[in-house]
Amino acid sequence: MRYHSAVEVTVGLIGGKGRAAVLAHLHHGVRHDAELRRRMPDVGELTLVQLLRELEVEGLVQRRELPGHEVEFALTEEGRSLAPVLQALHDWGLARARRHDVVVDEPGRADTRRLAAASLARGDATGWFEKLYAEAGDGRAEIPWDRPEPSANLLSAGLPEGEGRRALVVGCGPGRDAEHVARLGYATTAFDISETAIRSARERHPDSAVDYQVADLLAPPARWRHAFDLVVESNNVQALPRDLRERATGSVTGFVAPGGTLLVLAAAAQEASGDGPPWPLTRAEVEAFARDGLRAESVEELESPDDPLVVRWRATFRR
């Protein structure tokens, strides 16, 4: 076949929104065909099967049989090399959607808000985390923050080598950020209120040095007070109603040892928002971590073109 433009080569492989969407979902960590069907509700099951077969033939996707007749899909090495192209398509589409007030109905965010609303209506501010992880394990929901790679703003934070110092990762979920911190050389503890999340973290990282534990940020173990040289709080306080944030913030700051560092990552808001979770943090809420002997070393607003929340906070505090 003769091509008259290099663009034709790429479009010939990923052309049509069906192929491109499958590749994008696999790029963002989707693995099972049930998950793909949930994310592509307008595509028939037979059509999805055909799309996956075509991408296998092209050498972009690989299929793996799992016990119990389950099937898992992943990008091949050549498929992973499409990451910049897929991310650019995602970013441009999201920007256009914002410009034209088009709603991008992502299943994971809808699942989060559905379960959180039901939990909050019962007066339970944190029970929805376990329900979300449990439903995701059954293929009935998706976790929007469950990505294969550590948070980009954690990766670029410039954390020093751990050299055996103690670290705590708050609300660790399946462990992507905790594993990164451990690779830096920290003796890492990571906790989540969801038993299913912790079980998933242990299963995904069977040889991990991370000490994964079930614990409640609002009632943490007393032995953790002032016990960690590095504390990473990524997007947990923003998932709580505002009447619990001061208590949660106090718990986070209480983990930091003398001479230690607290890194806070969160979605940014210019004013209070009622639509959530998450409820993005205002600057005042980020600066409120400067308590209990902690002082703010830096508070950054970072552009995030691939995130619907647009801007994120990255703040460093030291005791």
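Definitions and cut-offs
Residues numbered from 1 in each chain as written. Predicted model: local features only at pLDDT ≥ 70, side-chain atom pairs only at ≥ 80, totals over all residues. Heavy atoms only, no water. Phe/Tyr/Trp six-rings, centres within 6.5 Å; stacked < 30°, edge-to-face > 60°. Buried < 20%, exposed > 50% of the residue type's maximum accessible area, 1.4 Å probe, protein only. Helix = DSSP H or I, 4+ residues; strand = E, 2+ residues; numbered from the N terminus. Pairing = 2+ DSSP bridges. Right-handed = clockwise from strand over helix to strand, strands pointing away. 1 Å grid on protein atoms, 1.4 Å probe; cavity = no way out; pocket = protein on both sides within 12 Å on 5 of 7 lines; lining within 4 Å. Points joined across faces, edges and corners; volume = space filled by probe spheres on them. Core = buried A, V, L, I, M, F, W, Y, C linked by side-chain atoms within 4.5 Å. Contact = heavy atoms within 4.5 Å.

Asks: Which residues make up the packing of aromatic side chains, and what are the values?
Replies: In the structure shown here, the tally under the stated rule is seven aromatic pairs. Consider the rings of Trp128 and Phe129, whose centres lie 4.0 Å apart with planes at 25°: the pair is stacked. Taken individually, Trp128 and Phe129 each receive the classification buried, so the pair is uniform in this respect. With a centroid separation of 6.1 Å and 75° between ring planes, the pair formed by Trp224 and Phe255 is classed as edge-to-face. Linking Trp224 in the loop between strand S5 (211-214) and strand S6 (228-234) with Phe255 in the loop between helix H12 (245-254) and strand S7 (256-267), this pair joins segments that are 31 residues apart in sequence. Overall, Trp224 belongs to the buried group, its relative accessible area being 2%. The class for Phe255 is buried, based on a relative accessible area of 2%. Each member of the aromatic cluster is reached from another via a ring pair, and the members are Phe191, Trp224, Phe228 and Phe255.

Asks: Please give an account of the pairing of strand S3 (residues 166-170) that cites residues and values.
Replies: Most of S3 sits out of view: four of its five residues are buried. Both S3 and strand S4 (residues 187-192) contribute to a ladder of four bridges, which runs parallel. Paired with Ala167 across the strands is Thr188, a residue of S4. In this region the chain leaves S3, passes through helix H10 (residues 176-183) and returns to the parallel neighbour S4; the handedness of that crossover is right-handed. The sheet contact formed by S3 and S6 spans four bridges and is parallel.

Asks: Any chance you could break down the layout of surface pockets for me, citing the residues and the numbers?
Replies: Looking at the second largest pocket, its volume works out to about 930 Å³. As for the second largest pocket, its lining consists of 30 residues, of which His32, Glu35, Ala136, Asp146 and Arg204 are closest to the centre. At the level of elements, helix H3 (33-39), strand S2 (71-75), helix H8 (127-137) and helix H11 (195-204) are the ones that each hand at least two residues to the lining of the second largest pocket. Of all the elements, H11 adds the most residues to the lining of the second largest pocket, at five residues.

Asks: Which residues make up the nonpolar core, and what are the values?
Replies: One finds Phe191, Val231, Phe255, Leu262, Phe289 and Phe317 to be the most contacted residues of the largest nonpolar core, which totals 30 residues. When residues of this core are traced back to their parent elements, those giving at least two are S3, S6, H12, S7 and strand S9 (311-318). Excluding anything up to four places from it in sequence, Leu262 contacts Val231, Glu233, Val252, Thr253, Val256, Phe289, Leu294, Ala315, Thr316 and Phe317.

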